[in-house]
Amino acid sequence: MQRRTFPVGLEERRKREKENRKNAILKAARKLFFDKGFKNVTVESIAKKAELSKGSVYLYFKSKEEIYTHILLNDIDKFHKVIGGLMQDGQSATATLMSLSHIYAGFFLNDRELFRIMMNYMLNINHMNLPEDLDHHIVKATNKTVSIIEEIFRMGIASGEFPPYIDLRQKRNAIWGLLNGTISLHLFTGSEEKREERIRATIQTGVNTFLRGMKTRAQDVQ
């Protein structure tokens, strides 16, 4: 039996239409998850918001958990593209870490839905019922930022800026926790006009205090 083929232009249009429908589903789901919370959203409500049938949604995603995960993966990928060349800028490790911290904060200040989605995923990771390969993919993606922080510490050790004996895992996790804790504390509370200033100032002070303490301890040991 001869395989049916489509003209090149028609095939490209079909691919474009599929991509548009997939993006429409993700956009609709993103808004619903933010407005109603993960538990209160159904595939049916996502389909309605996207102006598609429920069956059409299942052509692209197996569950709302999978939709949720793809939203998070897309957003994390955007962040990693922003910070891609950060370590090649010729800055000191301290300056690079501070730059990453402010970019990280700015990313969520510009898109607060993303922070809600990421934190909700981390809090509910054991209840998402994702396929093993997808679960591995998102854990790898969320750990990438932590790995970049560790690389900055390694760069500081190599340049003599940071002491050579520091516990890299401990230090990277402390900075990661400082960033997320500061954003969690201020992103949805307090006066809107002072929110960004408060977050950036707290991060600046926190990172500087952390690094100063680490360097002082190194001098004391020496």
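Computed from a prediction, not measured in an experiment: that's the story for all the values here. Residue positions are counted from 1 within each chain, in the order its sequence is given. A pLDDT threshold of at least 70 governs which residues receive local features in this predicted model, and a stricter bar of 80 or more applies before side-chain atom pairs are shown or counted, although totals over entire chains, interfaces and linings include all residues. For the side-chain quantities, the full set of heavy atoms in the structure was used; hydrogens and water were omitted.

Looking at the overall build of the protein
Runs of H or I in DSSP of at least four residues are treated as helices and runs of E of at least two as strands, each being numbered from the N terminus. When you go through the protein residue by residue, the secondary structure sums to 9 helices and 0 strands. Buried residues in the protein amount to 40% of all 222 residues. In what follows, a contact means two residues having at least one pair of non-hydrogen atoms within 4.5 Å. Across the protein, every contact between residues at least 6 apart in sequence was considered, and the portion connecting residues at least 24 apart equals 68%. Summed over all atoms, the accessible surface of the protein reaches about 13300 Å², with 50% contributed by carbon and sulfur. Only protein chains enter the accessibility calculation, which uses a 1.4 Å probe; a residue whose area is less than 20% of its type maximum is buried, one above 50% is exposed, and one in between is partly exposed. The method behind every accessible area is Shrake-Rupley, applied with a 1.4 Å probe, and residues are considered shielded solely by the protein chains displayed.

Structural notes on the confidence of the model for the protein
Any segment with low pLDDT has predicted coordinates that should not be analysed in fine detail. Note on scores: pLDDT gives the predictor's confidence for each residue, bounded by 0 and 100. When pLDDT is averaged along the protein, the result is 84, and 90% of the positions lie at 70 or above. At the level of individual helices and strands, the protein shows its lowest average pLDDT in helix H6 (residues 112–123), which scores 75, and its highest in helix H2 (residues 43–50), which scores 95.

Regarding the packing of aromatic side chains
A ring pair, where both rings are aromatic, is described by two values, the distance of the centres and the angle of the planes. Classification of ring pairs rests on two measures: the distance between centres of Phe, Tyr or Trp rings, Trp counted by its six-membered ring, which must be within 6.5 Å, and the angle between planes, read as stacked under 30 degrees, edge-to-face over 60 and tilted in between. Throughout the structure, instances matching the rule amount to 8 aromatic pairs. Ring centres 5.5 Å apart and planes at 80 degrees place the aromatic pair Phe79 and Tyr104 in the edge-to-face group. Linking Phe79 in helix H4 (residues 64–82) with Tyr104 in helix H5 (residues 93–110), this pair joins segments that are 25 residues apart in sequence. Residue Phe79 shares its accessibility class with Tyr104, and that shared class is buried. Taking the centre distance of 6.2 Å and the plane angle of 80 degrees together, the rings of Phe107 and Phe108 count as edge-to-face. Given the relative accessible area of 18%, Phe107 is considered buried. Phe108 gets classed as buried once you look at its relative accessible area, which sits at 3%.

Re unusual backbone geometry
Although it is not a glycine, Glu51 adopts a positive phi angle of roughly 60 degrees. With respect to the helices and strands, the residue Glu51 is situated in the loop between H2 and helix H3 (54–60). Among the residues examined, Glu51 registers a relative accessible area of 73% and is labelled exposed.

Comments concerning the side chain of Thr96
One can find Thr96 in helix H5. According to the relative accessible area criterion, Thr96 is buried, its value standing at 1%. Once residues within four sequence positions are removed from consideration, Thr96 is found in contact with Leu86, Met87, Gln91, Ile152 and Met155.

Regarding the packing of helix H7 (residues 132–158) against helix H8 (residues 168–186)
Only the stretch in contact is used when a helix axis is fitted, and all axes are lines through C-alpha atoms; the angle between N-to-C directions ranges over 0 to 180 degrees. Remark: H7 packs on H8, axes separated minimally by 9 Å, with the N-to-C direction vectors making an angle of 120 degrees. Relative to H8, the element H7 is oriented oblique. For the element pair H7 and H8, the recorded crossing hand is right-handed. Residues Thr142, Thr145, Val146, Ile149, Glu150, Phe153, Arg154 and Ile157 of H7 form the contact with H8, whose participating residues are Leu168, Lys171, Arg172, Asn173, Ile175 and Trp176. Split by residue class, the contact of H7 with H8 holds 7 nonpolar, 3 polar and 4 charged. What sets the label is the angle itself: under 35 degrees gives roughly parallel, over 145 gives roughly antiparallel, 65 to 115 gives roughly perpendicular, and the rest give oblique. Two helices that cross are described as forming a left-handed crossing if the nearer one is turned anticlockwise from the farther one by less than a right angle, and a right-handed crossing if clockwise. Classification used: nonpolar for Ala, Val, Leu, Ile, Met, Phe, Trp, Tyr, Cys and Pro, charged for Asp, Glu, Lys and Arg, polar for all others including Gly.

Description of H7
An expected span of 1.5 Å times one less than the residue number is assigned to each helix. For H7, which comprises 27 residues, the first-to-last C-alpha distance of 37 Å matches the rise-based estimate of 39 Å (1.5 Å per residue) to within 8%. Fitting axes to the seven residues that end at a residue and to the seven that start at it, the angle between those axes gives the bend at that residue. Taking the largest bend as the criterion, H7 deviates by roughly 35 degrees, centred on Lys144. Within the span of H7, buried status applies to Leu134, Ile138, Ala141, Thr142, Thr145, Val146, Ile148, Ile149, Glu150, Ile152, Phe153 and Gly156. Downstream of H7 by one or two residues, Gly160 has phi in the positive range, about 85 degrees.

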